[in-house]
Amino acid sequence: MNIDHLSALELARHIAARDLSSREVTTHFLSRCHAVNERLNAFTAIFDERALSEADDVDARLSRGERLSPLAGVPVAVKDVLCVQGELTTCCSKILANHRASYTATAVEHLQTAGLVVLGKTNMDEFAMGGSTETGVFGPSRNPWDVDRTAGGSSGGAAVVLSAGMCPLSIGSDTGGSVRQPAAFCGVLVPFLD
């Protein structure tokens, strides 16, 4: 089965049916992340051990016959402005270079409760203030369609991971176009949930 050609919903259905394990899917995307992140600079941190542990938990719960959420076991990336307890949350700023989150942001907590697997943190403009994902301390994210072009911002890394097939789902933030602009630049869909 070619995981690259499956949507997040299709992946979820295969995981729920146990045609694929969450570990298999997570391992696939972690491998892809490591293969292309150096060139695209979309992730500021990749959570290999944590992600595999979360995937194993979903697989164990499914093997016990537990009924899980519709997207359980599917990997997701989160913008570096969202806290994940125990992990660095830098907002892509040098001033927060060593800041480890003491709590998990509500949005991420909801994802984890639903059984999604957090792969890592995505690059962004410093403190989400910018339109190109070039102002953060980690350097610019590269547009996967043309690495000499901007990915947009401030959630550029979030759009790049989707466009480059590094992760099937990604969470950014949007005040004045911070998700919409990178999505347009990188050719991905932005569903808004209220």
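Worth saying up front: this structure is predicted, and the values here are computed from it rather than measured.

### A short note on the side chain of asparagine 41
Within the fold, asparagine 41 resides in the loop between α2 (22-40) and β1 (43-46). At a separation of 2.8 Å, a polar atom in the side chain of asparagine 41 contacts the main-chain carbonyl oxygen of phenylalanine 138. Residue contacts for asparagine 41: discarding those within four places in its chain leaves Asn123, Phe138, Gly139, Pro140 and Ser141.

### Focus: the sheet that holds β1
Strand order in this open sheet of four strands is β1-β3-β2-β4, and the pairing throughout is mixed. Of all strands in the sheet, those with a lone pairing partner are β1 and β4 (170-171), marking the two edges. Strand direction decides the pairing type here: strand β2 (residues 75-79) and strand β3 (residues 117-122), joined by five bridges, are parallel. Residue pairing in the sheet places proline 75 in a bridge with valine 117 of β3. Running over the sheet, helix α4 (residues 106-113) touches β2, β3 and β4 and is turned about 175 degrees from β2.

### Considerations on unusual backbone geometry
Look at the link from glycine 153 to serine 154: it is a cis peptide, with omega at 10 degrees. Assignment of secondary structure puts serine 154 in the loop between β3 and α5 (156-163). Notably, cysteine 91 is not glycine yet its phi reads approximately 55 degrees, a positive angle. Along the chain, the position of cysteine 91 falls in the loop between β2 and α4.

### As for a nonpolar patch on the surface
Taken together, the side chains of Ile95, Phe127 and Met129 define a hydrophobic patch exposed on the protein surface, amounting to about 380 Å² of accessible area. Within the secondary structure, methionine 129 is located in the loop between β3 and α5. Its relative accessible area of 64% is what places methionine 129 among the exposed residues.

### So, the nonpolar core
Counting residues in each nonpolar core, the largest one holds 34 residues, and the members touching the most others are Leu11, Val25, Phe43, Leu119, Val161 and Met166. Counting residues per element, the ones that place at least two in this core are α1 (8-16), α2, α3 (48-63), β3 and α5. Top element by residues in this core is α2. It accounts for six residues. Val78, Leu82, Ala105 and Leu111 belong to the second largest nonpolar core, which has twelve residues in total.

### Quick look at the side chain of serine 170
Inspection of the secondary structure assignment puts serine 170 in strand β4. The exposure class assigned to serine 170 is buried, which follows from its relative accessible area of 17%. Among all residues touching serine 170, those that are not within four sequence positions of it are Val76, Ala77, Thr122, Ala158, Val161 and Leu162.

### A word on α1
If you check which residues of α1 are buried, you get Ala8, Leu11, Ala12 and Ile15. Along the long axis of α1, the arc covered by the buried residues comes to 100 degrees, so they all point the same way.

### With respect to the packing of α2 against α3
Here α2 crosses α3 at 160 degrees, and the two axes come no closer than 8 Å. What the angle tells us is that α2 and α3 run roughly antiparallel. Crossing angle aside, the handedness with which α2 passes α3 is right-handed. Across from Ser22, Arg23, Thr26, Thr27, Leu30 and His34 in α2, the residues of α3 making contact are Asp48, Ala51, Leu52, Ala55, Asp56, Val58 and Asp59. Looking at the contact of α2 with α3 residue by residue, the classes come out as five nonpolar, four polar and four charged.

The rules behind each value
- Residues numbered from 1 in each chain as written.
- Predicted model: local features only at pLDDT ≥ 70, side-chain atom pairs only at ≥ 80, totals over all residues.
- Heavy atoms only, no water.
- Helix = DSSP H or I, 4+ residues; strand = E, 2+ residues; numbered from the N terminus.
- Polar contact = N/O pair within 3.5 Å; in protein donor to acceptor, adjacent residues only side chain to side chain.
- Contact = heavy atoms within 4.5 Å.
- Pairing = 2+ DSSP bridges.
- Axes fitted to C-alpha atoms, helices over the stretch in contact; angles between N-to-C directions.
- Patch = residues over 30% accessible without salt bridge, like charges linked within 9 Å, V, L, I, M, F, W, Y side chains within 5 Å.
- Areas by Shrake-Rupley, 256 points an atom, 1.4 Å probe, with all protein chains shown as cover.
- Salt bridge = Lys/Arg side-chain N within 4 Å of Asp/Glu carboxyl O.
- Buried < 20%, exposed > 50% of the residue type's maximum accessible area, 1.4 Å probe, protein only.
- Core = buried A, V, L, I, M, F, W, Y, C linked by side-chain atoms within 4.5 Å.
- Arc of directions from axis to C-beta.
- Parallel < 35°, antiparallel > 145°, perpendicular 65-115°, else oblique.
- Left-handed = near helix turned anticlockwise from the far one by under 90°.
- Nonpolar A, V, L, I, M, F, W, Y, C, P; charged D, E, K, R; others polar.

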